[in-house]
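Per-entry structural report
What follows is each chain in one-letter form.
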Amino acid sequence: MEFSCGKNTNNVAQRTPKIFILLAITLIILGIIPLHHTFKWYHATNLANHESEKSSTYHVEDMEIKIMDDETCDISIGEWIPNPDGPYYTNTTCWAIHEHQNCMKYGRPDTGFLKWRWKPKECELPIFNPYQFLDMMRNKSLAFVGDSVGRNQMQSLICLLSRAVYPIDASISPDENFKRWKYVDYNFTLATYWSPFLIKMKEANADGPTKTGLFNLYLDEADEKWANQIEEFDYVIFNGGHWFSRCSVYYENNQLVGCRYCGLPNVTDLPSAYGYQRAIRTVLRTINNSENFKGIIFLRTFAPSHFEGGEWNNGGNCVRRRPFTNNETSLEGLNLELYTIQVEEFKVAENEGKKKGKRFRLLDTTQAMLLRPDGHPSKYGHWQNENVVLYNDCVHWCLPGPIDSWSDFLLHMLKFEGRGSHEEKPQFMNQ
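Before going into details, it helps to say that this report is about the structure given with it. Since we're looking at a predicted model, the values are computed, not measured.

A few words on the overall build of the protein chain. Check the secondary structure of the protein chain and you find eight helices and 13 strands. For the protein chain, buried positions account for 51% of its 431 residues. Of all intrachain contacts in the protein chain linking residues separated by at least 6 positions in sequence, the fraction that spans at least 24 positions is 76%. Summed over all atoms, the accessible surface of the protein chain reaches about 21500 Å², with 51% contributed by carbon and sulfur.

Here it is, written out as structure tokens:
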């Protein structure tokens, strides 16, 4: 076929103005679109405007999942710095707050404790982004195993995620201590397992020597309530510690070996750290011996209480209204002992787990929470004129409050999982 350049010149001339007009219209359209639409890599950007009435800034560029290049930064060492954007939800925008941690509802007069964020010493820790988290948890599951502080953490996470979406109740048991929540749009399951000692336990006496119960603890047997079910989860966060100060009788190999404050004749009184060390060891060994668990284990380190002026049952209270600085307090006594046990047992389990393909992570929030005596409910977990016998609560955390930062920690660590394992350096062990 032959093409002649000299033919049909009139037709070409007639089409030329039309082509220029089409090109001009196209350029105009392309110039206008960027003014109305921002294109980003992260597909949840268009959700950024769906915020609750008390939500604060999520900048559009923060919707991208960013990984810091400095993987050696220890986010557990740092300080609390002012954050005028907080809080990111309130007791009126989140229904998941436990009554005893609903400080605003019950009249806590100050709000300054809500205006801080955790700043690691050597890097930045981004504020928790619910859209990023949910996208990373798509088709996955996460379980919290431990005591009521673990439940406190789970409810904090639900409240932070409420800026994006609420879950539905998908519990398989009517027991409130074993709840499941389903984020349907993301096929993400969130669960909690009440296991305050983490190991097998039987209540021997509801009162006990100090009216807080007497418990038989089987230090070398994991609590079957979680041990038989965690294989179905992608992530499991363990916590525990506060209950080990209660009166307990210790058993190993089904033999009585001692107790803590039990008052039983001819039974050796052992420190609470004795039982705690063996319990943590049993938990981590159970994971390592599990052939079918393929997920990631987070051991969340101990969060110190802040009773001053007496013990929890003897007038102790927490009335401070701002964070400590690092030179105002230090980890000591039982708090240091429990933290040290966690770190040491974690190291052993992590090394053993690497041989078996297990993955352990240390969610180290101890120093951050040591510096927050202002974040507890104190007397603001019930109405002041209510006829109930409740002690000042300096163990749990107000919601919203400092515990929300634990989700900052968690999301930061989850981001690294996509790039392979990383090590968290336990700070107090190196000081």
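Time to look at the state of the cysteines. Overall, the coordinates contain five disulfides when judged by the stated rule. Disulfide pairing places C94 opposite C159 at an S-S distance of 2.0 Å. Torsion about the S-S bond of the C94 and C159 cystine: about -80 degrees, corresponding to left-handed handedness. Here C159 lies in helix α3 (residues 148-161) and C94 lies in the loop between β1 (78-82) and β2 (116-120), a separation of 65 residues in the sequence. What makes C94 buried here is its relative accessible area of 4%. C159 gets classed as buried once you look at its relative accessible area, which sits at 0%. Sequence-ordered numbering of the bonded cysteines in the protein chain yields a pairing of 1-4, 2-5, 3-10, 6-7, 8-9.

Turning to helix α5 (residues 272-288), a few remarks are in order. Taking 1.5 Å of rise per residue, 17 residues should cover 24 Å, and α5 covers 25 Å from first to last C-alpha, within 8% of that figure. Those residues of α5 that sit buried are S272, A273, G275, Y276, A279, I280, T282, V283, L284, I287 and N288.

Now for the packing of aromatic side chains. In the structure shown here, the tally under the stated rule is 20 aromatic pairs. With a centroid separation of 5.0 Å and 85 degrees between ring planes, the pair formed by W312 and Y391 is classed as edge-to-face. You can see W312 sitting in the loop between β12 (296-300) and α6 (333-356) and its partner Y391 sitting in the loop between α7 (366-370) and α8 (405-417), a full 79 residues away along the chain. Taken together, the aromatic side chains of W194, F197, F215, W243, F244 and Y276 make up a single cluster linked through ring pairs. Over the aromatic face of F113 sits the side chain of R108, whose NZ or CZ is 3.7 Å from the ring centroid.

Here is what the cut-offs are and how they apply
Residues numbered from 1 in each chain as written. Predicted model: local features only at pLDDT ≥ 70, side-chain atom pairs only at ≥ 80, totals over all residues. Heavy atoms only, no water. Helix = DSSP H or I, 4+ residues; strand = E, 2+ residues; numbered from the N terminus. Buried < 20%, exposed > 50% of the residue type's maximum accessible area, 1.4 Å probe, protein only. Contact = heavy atoms within 4.5 Å. Areas by Shrake-Rupley, 256 points an atom, 1.4 Å probe, with all protein chains shown as cover. Disulfide = S-S within 2.5 Å. Expected span 1.5 Å × (residues − 1). Phe/Tyr/Trp six-rings, centres within 6.5 Å; stacked < 30°, edge-to-face > 60°. Lys NZ or Arg CZ within 6 Å of the ring centre and 35° of its normal.

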